[in-house]
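Structural overview
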Amino acid sequence: WRKEGVYKDYLVLFSSYVNRRELDMLVRLDFDKYVDTEKWKAIERTAPGGLSADGLTLCAPDYAYLADRTWDGVSPTRNLAKAVYLYIPYHFEKGVGKPEYKKYFETYVKPQNDGWLAENALSAWGVYLNQHNTGAPWDALFLYEYSDPVGLARRDNVKTSVRAKLRNDPTWKAVSDSKQSYRIDDQVVVMDPIVAR
């Protein structure tokens, strides 16, 4: 399908551990433009979730959402074969809309994500905003690609180190000190990528 131009790229992730509450598998499809999703919609009519009749006897797709990858970062030394992912869904706090969340993210979260990338704990990250978030299971979805299990194990130490450096930035520090809540996190899922051979 990628070669046929149905989508630009894809990523398949499986939950690393037993997980009844969230998801077992996530398929992310990347499109060049919104209208390209029509090609995928045509496939869904005969193959829900892209699954053949045989595939549908083994499992069933739960849901699909259109989202915009609003922010991301990638390391030049990225190696998908060693990567470990964290799937983190967030809901906006009551009264917080996309404009407020975007400002908060740009000021407070993005500098941290870029710092974690610079520290080589993350090898890539992407944050997706749901296009139709009314009643959705998430408003913002974070996909953190850790360089390897060691990068994931260093997560808390790297967070602390990067935040200590960012305290010298008065704009970042003001948001950190305000204690205003912009989002509510949901269950984090550790996932492994399925890498094509």
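Rules used throughout
- Residues numbered from 1 in each chain as written.
- Predicted model: local features only at pLDDT ≥ 70, side-chain atom pairs only at ≥ 80, totals over all residues.
- Heavy atoms only, no water.
- Phe/Tyr/Trp six-rings, centres within 6.5 Å; stacked < 30°, edge-to-face > 60°.
- Helix = DSSP H or I, 4+ residues; strand = E, 2+ residues; numbered from the N terminus.
- Buried < 20%, exposed > 50% of the residue type's maximum accessible area, 1.4 Å probe, protein only.
- Pairing = 2+ DSSP bridges.
- Expected span 1.5 Å × (residues − 1).
- Contact = heavy atoms within 4.5 Å.
- Axes fitted to C-alpha atoms, helices over the stretch in contact; angles between N-to-C directions.
- Parallel < 35°, antiparallel > 145°, perpendicular 65-115°, else oblique.
- Nonpolar A, V, L, I, M, F, W, Y, C, P; charged D, E, K, R; others polar.
- Polar contact = N/O pair within 3.5 Å; in protein donor to acceptor, adjacent residues only side chain to side chain.
- Core = buried A, V, L, I, M, F, W, Y, C linked by side-chain atoms within 4.5 Å.
- Left-handed = near helix turned anticlockwise from the far one by under 90°.

Summed over all chains, the structure comprises 18 aromatic pairs. Summarising the aromatic geometry, the rings of W1 and W40 are spaced 5.3 Å apart at their centres and angled 85° between planes, so their arrangement reads as edge-to-face. Pair noted here: W1 is in the segment before β1 (9–15) and W40 is in helix α1 (residues 37–46), with a separation of 39 residues, a long-range link. Judged by relative accessible area, which is 14%, W40 ranks as buried. Geometrically, the ring pair formed by Y108 and W172 is stacked, given 5.0 Å between the ring centres and 15° between the ring planes. Of this pair, Y108 sits in helix α3 (residues 98–118) while W172 sits in helix α6 (residues 170–178); the two residues are 64 residues apart in sequence, bridging distant segments of the chain. Pair check on accessibility: Y108 and W172 agree, each one buried.

Let's shift gears to the pairing of strand β2 (residues 25–30). By the alternation rule, side chains of β2 split into L26, R28 and D30, which are all buried, and M25, V27 and L29, of which none is buried. Pairing analysis gives six bridges linking β1 to β2, with the strands arranged antiparallel. Residue F14 lies in a different strand from β2, and its bridge partner there is M25.

Another point: unusual backbone geometry. Even without a glycine there, the phi angle at N120 is positive, about 65°. One can find N120 in the loop between α3 and β5 (122–130).

Attention shifts here to helix α5 (residues 155–166). For α5, spanning twelve residues, the distance from its first C-alpha to its last is 16 Å, which sits close to the expected 16 Å at 1.5 Å a residue. Contacts made by the buried residues of α5 are with α3 and α6.

It is worth spelling out the packing of α3 against α6 at this point. Between α3 and α6, whose axes approach to 9 Å, the crossing angle comes to 105°. Put simply, α3 runs roughly perpendicular to α6. Across from Y104, T107, Y108, P111 and Q112 in α3, the residues of α6 making contact are T171, W172, V175 and S176. When grouped by side-chain class, the residues that make up the contact of α3 with α6 number five nonpolar, four polar and no charged.

On the secondary structure map, S75 appears in the loop between β3 (67–74) and β4 (84–92). For S75, a relative accessible area of 9% gives the class buried. Setting aside its immediate chain neighbours within four residues, S75 contacts L117 and S123.

Here we take up α6. You can read the cap of α6 off the contacts: a side-chain oxygen lies 2.9 Å from the backbone nitrogen of T171, and it is on D169. Once α6 ends, the next one or two residues include K179, with phi positive near 60°.

One finds Y101, F105, W125, F142 and Y144 to be the most contacted residues of the largest nonpolar core, which totals 27 residues. Among the secondary structure elements, those contributing two or more residues to this core are β4, α3, β5, β6 (140–146) and α5. The dominant element in this core, judged by the number of residues it contributes, is α3, at seven residues. With residues near it in sequence (within four places) discarded, F105 still touches W71, K110, P111, N113, W125, V127 and F142. Grouped together as the second largest cluster of nonpolar side chains are 13 residues, L13, A83, Y87 and M191 included.

All right, on to the packing of α3 against α5 then. Following both chains from N to C, one finds α3 and α5 inclined at 120°, their axes separated by 9 Å at the closest point. Viewed along their axes, α3 and α5 adopt a mutual orientation that is oblique. The hand of the α3/α5 crossing is right-handed. For the pair α3 and α5, the contacting residues are Y108, P111, Q112, G115 and W116 in the first and V158, K159, V162, R163 and L166 in the second.

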